[in-house]
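Residues per chain are reported as follows:
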Amino acid sequence: MANRIDALFEKLRSENRPALVTYFMGGDPDYDTSLSVMKALPKAGADIIELGMPFSDPMADGPAIQAAGLRALKGGQTLKRTLEMARTFREGDDATPVVMMGYYNPIYIYGVERFVADAKAAGIDGLIIVDLPPEMDEELCLPALKGGLNFIRLATPTTDDKRLPKVLENTSGFVYYVSMTGITGSALTDVPKVGAAVARIKSHTDLPVCVGFGVKTADQARAIGAAADGVVVGTAIVNAVANVLGPDGKTTADPAEAVATLVRGLADGVREARLAAAEQSWRGNNPSGSRPEERR
Amino acid sequence: MNQPAEPNSFRTGPDEQGMFGIFGGRFVAETLMPLILDLEAHWDAAKKDPAFKAELDQLGKHYTGRPSPLYFAERLTEHLGGAKIYFKRDELNHTGSHKINNCLGQILLARRMGKTRIIAETGAGQHGVASATVAARFGLPCVVYMGATDVERQAPNVFRMKLLGAEVKPVSSGHGTLKDAMNEALRDWVTNVDDTYYLIGTAAGPHPYPELVRDFQSVIGQEAKEQMLEAEGRLPDMLVAAVGGGSNAIGLFHPFLDDRGVQMVGVEAGGRGLEGDEHCASLTAGAPGVLHGNRTYLLQNEDGQIKDGHSISAGLDYPGIGPEHSWLKESGRVEYVPIMDTEALEAFQLLTRLEGIIPALEPAHALAEVIKRAPKMGRDKVIVMNLCGRGDKDIFSVAKHLGMEA
């Protein structure tokens, strides 16, 4: 079967635009609601779905994703149910790449071999496992690659040029660049620095580079998307769900619609990213030039 | 002749990957990976540097008050009517527990690495106090993460940390105990990678922490060995120590691991009993898993979600254990047993009245196991128990449990 991630980036290259990568928490606040959110994502313009696997101790996540994970666990989500969610989603969508993101322990307890087989059968395209650096590749990365799943590695501002080749060695699908040292949901501060970091990684690999951590608005998506092959949005989506939950945990509006509204705006942002960058460079070259025509 | 193959030595771990058998390792986010590799390089250099050891020994002697005495508990021995009981009295250290041994070692490492800010997690507050103490001594700012539940039940230590100039940040996620404090400390570290040194308080976490904490705490066992040879002219028959994360136990055990005649018992928090979830006996009732940078025995459900656990003792209230203990359990070299809250409380009172020593609730667990074992052993046998902390911090919560006014 064709690799959905490679096929997507091939298509986006011809469209000259970056991917919108959307993270949501599987099972937040319950299975059915969460599945409706998942189905809404590609319809609203998401190109890749990151399906969050809840974990009791998410050490790299900020308060929003921590709370989402606890809501999901309270709602009865398990790794088995998350795989079931992916399988159900696949029945209606065979094109959108789905990447599972989370921490290693639930997979370790599920059993690595069984997990890789079940994930593949459920139509999963790749894995992002926060607490498995290249030093631990034998745990899951190598079995996953062997089983036909992409293993998408995080590169960070602390990953220097000496270390990058090690990080990239067994990476496939795309590289996830973490825009800052910090936890998910922190404020994004230095966009030009992110652009330089993306260029640095691209000098080491032909893989697409997607940037995440701290991207919340369409404007940020537009700015980051000028340099990156993809823009990852997570906390903002998780917050869109949280915002329509009452104090009793019941929904006060449709979470799928709330997420779709946000994602439509972000999708517009990434679609304008390259145009905005071209415009900026055109302005830079023609400081006295007249204003180019409005794009929208 | 069908016994499983035993290693030639139990003291060679961890291997180059930071593993003790299948336990240990480096399960951390990429952001932290370069930092722990840097720590490992500095630690390897420090180990070989005589000046590092000399400074640590000097501080141990004049600041901590080492060596700590090996005390023959004559009245307790008489009361129990069996083996002779000795206490390794690390509760007499500056700051009131064994934690200072590790904190002094690590702050010297932090200084070598040019770090200017210290963060730490704490359960009972003993490690928090020791961290705040060495930070004050070396003039570095210090932030201590502490579960909100623990902030409440260990109030004297919270005040002590604040007096020492540390900032105590209560953590209310989860049950608000040590596990949650460690998560929050890791979140701080991943955010402040340039200037911050994470001073882990127990022999757990990603490699090289389990090794370096063990080595800094091994002074306990090294001294105990010499002192025992002086007092009895031979090695003890049994060592007993409480295990939460397991740093005081590994510190006592490690120098004796290859002395096959010395039996070792690690005592876990049995809480309100092992039937439900209200205990912290990860080795007795848990299963191997991955948390906080290492693979080790954990309390978890069938989906791999970590449980919160319970213990009367904040210092033992952790659902994991240092990876070397997991390995020592599986290799059969050390036996691990649970002690209930109520048994620890009884031991706490007995020691206070018989020997005039108020133990912390953590070593009170070890003592409860000694109380069970000593009477069954001959009078010619010798037990060394690590009295790793003093109980001043616990008197208010003990009073509450006993229905007394403090």
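A few points on the structure. Just so it is clear, the structure is predicted and the values come from calculations on it, not from any experiment.

**Comments concerning the overall build of chain A**
Consideration 1: Helix and strand counts for chain A stand at twelve helices and nine strands.
Consideration 2: At 19 Å, chain A has a C-alpha radius of gyration in line with the 19 Å of a compact globule built from 296 residues.
Consideration 3: Principal-axis analysis of the C-alpha atoms gives chain A an extent of 60 × 50 × 35 Å.
Consideration 4: When the 296 residues of chain A are sorted by exposure, 58% land in the buried category.
Consideration 5: Sequence separation of at least 24 residues holds for 71% of the intrachain contacts in chain A that already meet a minimum separation of 6.
Consideration 6: Positive and negative side-chain charges in chain A, numbering 32 and 37 respectively, have mean positions lying 2 Å apart.

**Observations regarding helix α15 (residues 361-373) of chain B**
Residue and element names in this part refer to chain B.
Consideration 1: Here α15 contains 13 residues, and its C-alpha end-to-end distance of 19 Å stays within 8% of the 18 Å for a straight helix at 1.5 Å per residue.
Consideration 2: Summarising burial for α15: eleven of the 13 residues are buried, a large majority.
Consideration 3: For α15, the complete set of buried residues consists of L361, E362, P363, A364, H365, A366, L367, A368, E369, V370 and R373.

**Focus on the environment of B:V28**
Consideration 1: The topology assignment puts B:V28 in the loop between β2 (23-27) and α1 (33-47).
Consideration 2: For B:V28, a relative accessible area of 5% translates into the label buried.
Consideration 3: Expressed as a C-alpha distance, the spacing of B:V28 and B:A155, which sit 127 residues apart in the sequence, is 32 Å.
Consideration 4: Residues in contact with B:V28, not counting those within four places in the same chain, are A:V130, A:D131, A:L132, A:P133, B:M33, B:I36, B:P206 and B:G293.

**Brief notes about the interface of chain B and chain A**
Consideration 1: Taken together, the contacts link 37 residues of chain B with 35 residues of chain A.
Consideration 2: At the surface where chain B touches chain A, the tally comes to three salt bridges.
Consideration 3: Note that A:E139 and B:R295 form a salt bridge whose closest N and O atoms lie 2.6 Å from each other.
Consideration 4: For the pair chain B and chain A, the interface holds 17 residue pairs in polar contact (both at pLDDT 80 or more).
Consideration 5: Listed by contribution, the elements that provide at least two residues to the side of chain B that touches chain A are β2, α1, α8 (178-191), β11 (287-291) and β12 (293-298) of chain B.
Consideration 6: When residues in the side of chain B that touches chain A are grouped by element, the largest group, seven residues, is from α8(B).
Consideration 7: Of the residues that constitute the side of chain B that touches chain A, the class distribution is 17 nonpolar, twelve polar and eight charged.

**Quick word on the packing of helix α3 (residues 63-74) of chain A against helix α11 (residues 235-242) of chain A**
Helix packing geometry: the angle between the two helix axes and the distance between the axes.
All names here are of chain A.
Consideration 1: Across the interface, α3 lies against α11 with an axial gap of 9 Å and an inter-helix angle of 55 degrees. On the basis of the axis angle, α3 is oblique to α11. Between α3 and α11 lies a crossing whose hand is left-handed. Within the contact between the two elements, α3 uses A64, I65, A68 and R71 and α11 uses T235, V238, N239 and A242.
Consideration 2: For the contact of α3 with α11, the per-class residue count stands at five nonpolar, two polar and one charged.

**Thoughts on the sheet that holds strand β8 (residues 209-212) of chain A**
Consideration 1: Strands sit in the order β5-β4-β3-β2-β1-β9-β8-β7-β6 (chain A) across an open sheet of nine strands; the sheet is parallel. Both outer strands of the open sheet, β5 (150-151) and β6 (154-155) of chain A, are each paired with one neighbouring strand and no more.

**Structural notes on the pattern of salt bridges**
Residue and element names in this part refer to chain B.
Consideration 1: Applying the stated criterion across every chain yields a total of 46 salt bridges over all chains.
Consideration 2: E40 serves as the salt-bridge partner of R26, at 3.0 Å between the closest nitrogen and oxygen. With a gap of 14 residues between them, R26 in strand β2 and E40 in helix α1 connect regions that are remote in the sequence. Comparing R26 with E40 shows no difference in burial state: the two are buried.

**A word on helix α2 (residues 31-43) of chain A**
Residue and element names in this part refer to chain A.
Consideration 1: Helix length check: α2 (13 residues) gives 19 Å between terminal C-alpha atoms against 18 Å at 1.5 Å per residue, within 8%.
Consideration 2: Those residues of α2 not exposed but buried are Y31, T33, S34, L35, V37, M38, A40, L41 and P42.
Consideration 3: Two or three places before D32, at the opening of α2, D30 has a side-chain oxygen 3.2 Å from that residue's backbone nitrogen.
Consideration 4: In the segment just after α2, G45 is the residue with positive phi, at about 115 degrees.

**A short note on the state of the cysteines**
Residues and elements named next belong to chain B.
Consideration 1: Under the definition given, this model contains zero disulfides over all chains.
Consideration 2: Among the cysteines around C103, which has no disulfide bond, C142 carries the closest sulfur, lying 8.6 Å off.
Consideration 3: Accessibility expressed as a relative area gives 0% for C103, which makes it buried.

**Examining the packing of aromatic side chains**
Consideration 1: In this structure the tally under the stated criterion is 14 aromatic pairs over all chains.
Consideration 2: Residues A:Y110 and A:F115 carry aromatic rings whose centres are separated by 6.1 Å and whose planes lie at 85 degrees to one another, so their mutual orientation is edge-to-face.
Consideration 3: The class for A:Y110 is buried, based on a relative accessible area of 12%.
Consideration 4: With 6.2 Å between their ring centres and 90 degrees between their planes, A:Y176 and A:F213 make a pair best called edge-to-face. Taken together, the positions of A:Y176 in strand β7 (residues 175-178) and A:F213 in the loop between β8 and α10 (218-225) put the pair 37 residues apart, joining distant regions of the chain. An identical accessibility class is assigned to A:Y176 and A:F213; each is buried.
Consideration 5: Through pairs of rings, three or more aromatic residues link up here, namely A:Y104, A:Y108 and B:F27.
Consideration 6: Cation over ring: A:R81 sits above A:Y31, and NZ or CZ is 4.4 Å from the ring centre.

Here is what the cut-offs are and how they apply
Residues numbered from 1 in each chain as written. Chains lettered and ligands numbered in written order. Predicted model: local features only at pLDDT ≥ 70, side-chain atom pairs only at ≥ 80, totals over all residues. Heavy atoms only, no water. Helix = DSSP H or I, 4+ residues; strand = E, 2+ residues; numbered from the N terminus. Rg over C-alpha atoms; globule rule 2.2 N^0.38 Å. Buried < 20%, exposed > 50% of the residue type's maximum accessible area, 1.4 Å probe, protein only. Contact = heavy atoms within 4.5 Å. Lys, Arg positive; Asp, Glu negative; His and termini not counted. Charge placed at Lys NZ, Arg CZ, Asp CG, Glu CD. Expected span 1.5 Å × (residues − 1). Salt bridge = Lys/Arg side-chain N within 4 Å of Asp/Glu carboxyl O. Polar contact = N/O pair within 3.5 Å; in protein donor to acceptor, adjacent residues only side chain to side chain. Nonpolar A, V, L, I, M, F, W, Y, C, P; charged D, E, K, R; others polar. Axes fitted to C-alpha atoms, helices over the stretch in contact; angles between N-to-C directions. Parallel < 35°, antiparallel > 145°, perpendicular 65-115°, else oblique. Left-handed = near helix turned anticlockwise from the far one by under 90°. Pairing = 2+ DSSP bridges. Disulfide = S-S within 2.5 Å. Phe/Tyr/Trp six-rings, centres within 6.5 Å; stacked < 30°, edge-to-face > 60°. Lys NZ or Arg CZ within 6 Å of the ring centre and 35° of its normal.

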